[in-house]
Amino acid sequence: MERAVVILLIVFAWAQMAACGCCPDFWTEFNSYCYRSIAERKTWTTAGSSCRTFGAELASIHSSAENDFVYDLWVLPNTHADTDTFFWSDGTTVDYLRWDYGEPNNYHNQDCIQIIKYNKQWNDRACGDMLAYVCKKPLE
């Protein structure tokens, strides 16, 4: 009898979590999205693959508030080859920019973006650099 009650409570708790519109464990909610900071350093390509294993994409930024929320972590738009047009890996439009002075400078083909920790501005970086990153997915 006790085992059946424990199983019932576990099923009930799981159903409540599934219906609550909450972010999963280790994720943080902000403006109807869930974010997860990953400290393990990866390239843009491997970071994107890692996010997709969680059903997420690399974080895209669409406002100053969102930029401030993830400012100390790797944020990864990419550029179209041979252009200066940035796009987010989740397919959303780049509708907010926060470049640091003199950026983007595309020094040695820097096609990805890093948020600079001390001033929350953006710096272009090589996509092959190994950095921490942030995954983002809609709140379920």
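Residues numbered from 1 in each chain as written. Predicted model: local features only at pLDDT ≥ 70, side-chain atom pairs only at ≥ 80, totals over all residues. Heavy atoms only, no water.

What about the state of the cysteines?
Note the threshold: Cysteine sulfur atoms are paired as a disulfide whenever they come within 2.5 Å of each other. Put simply, DSSP marks the helices as runs of H or I at least four residues long and the strands as runs of E at least two long, and each gets a number from the N terminus on. Only protein chains enter the accessibility calculation, which uses a 1.4 Å probe; a residue is then buried when its area is under 20% of its type maximum, exposed when over 50%, and partly exposed in between.
Summed over the entire model, instances satisfying the criterion amount to three disulfides. Sulfur-sulfur distance for the disulfide between Cys 51 and Cys 135 comes to 2.0 Å. When the S-S torsion is -85 degrees, as for the bridge of Cys 51 with Cys 135, the disulfide is left-handed. Taken together, the residues span a long stretch of sequence, with Cys 51 in helix H2 (residues 44–53) and Cys 135 in strand S8 (residues 131–138) at a distance of 84 residues. We classify Cys 51 as buried; its relative accessible area is 0%. Disulfide pairing is shown between Cys 112 and Cys 127; the S-S distance is 2.0 Å. An S-S torsion of about 100 degrees defines the bridge between Cys 112 and Cys 127 as right-handed. Taken together, the residues span a long stretch of sequence, with Cys 112 in strand S6 (residues 112–115) and Cys 127 in the loop between strand S7 (122–125) and S8 at a distance of 15 residues.

Considerations on H2
Defined as follows: This arc describes the spread of directions from the helix axis toward the C-beta atoms.
All buried positions along H2 are accounted for by Trp 44, Ala 47, Gly 48, Ser 50 and Cys 51. Around the axis of H2, the buried residues are gathered within 160 degrees of arc, so they sit on the same side. Relative to its buried face, H2 has exposed residues pointing more than 90 degrees away, namely Thr 45 and Thr 53. Gly 55 sits one or two residues past H2 and shows a positive phi near 75 degrees.

A closer look at the sheet that holds strand S3 (residues 57–58)
This is how it is decided: Strand pairing is assigned whenever DSSP identifies at least 2 bridges connecting the two strands.
The four strands are arranged S1-S2-S8-S3 in an open sheet whose pairing can be described as antiparallel. Single-partner strands in this sheet number two, and they are strand S1 (28–30) and S3. Two strands pair when backbone bridges link them, and S1 and strand S2 (residues 33–42) are joined in this way by three bridges, in the antiparallel orientation. Among the inter-strand pairings, Phe 30 is bridged to a residue of S2, identified as Tyr 33.

Quick word on the environment of Arg 98
Where we set the bar: Only heavy atoms enter the contact rule, under which two residues are in contact if any of them lie within 4.5 Å. Any pair of nitrogen or oxygen atoms within 3.5 Å is treated as a polar contact; in protein, a donor-acceptor pairing is required on top of that, and neighbouring residues in sequence qualify only through side-chain atoms on both sides.
Locating Arg 98 in the fold gives a position in the loop between strand S5 (86–87) and S6. Taking relative accessible area as the criterion, Arg 98 reaches 18% and is therefore assigned buried. Expressed as a C-alpha distance, the spacing of Arg 98 and Ile 61, which sit 37 residues apart in the sequence, is 9.8 Å. Among residues more than four places away in sequence, those in contact with Arg 98 are Ser 64, Asn 67, Asp 68, Lys 120, Gln 121 and Trp 122. Polar side-chain contacts of Arg 98 include one of 3.4 Å to the side chain of Ser 64.

From the geometry alone we can't say anything about function, so treat these as descriptive.
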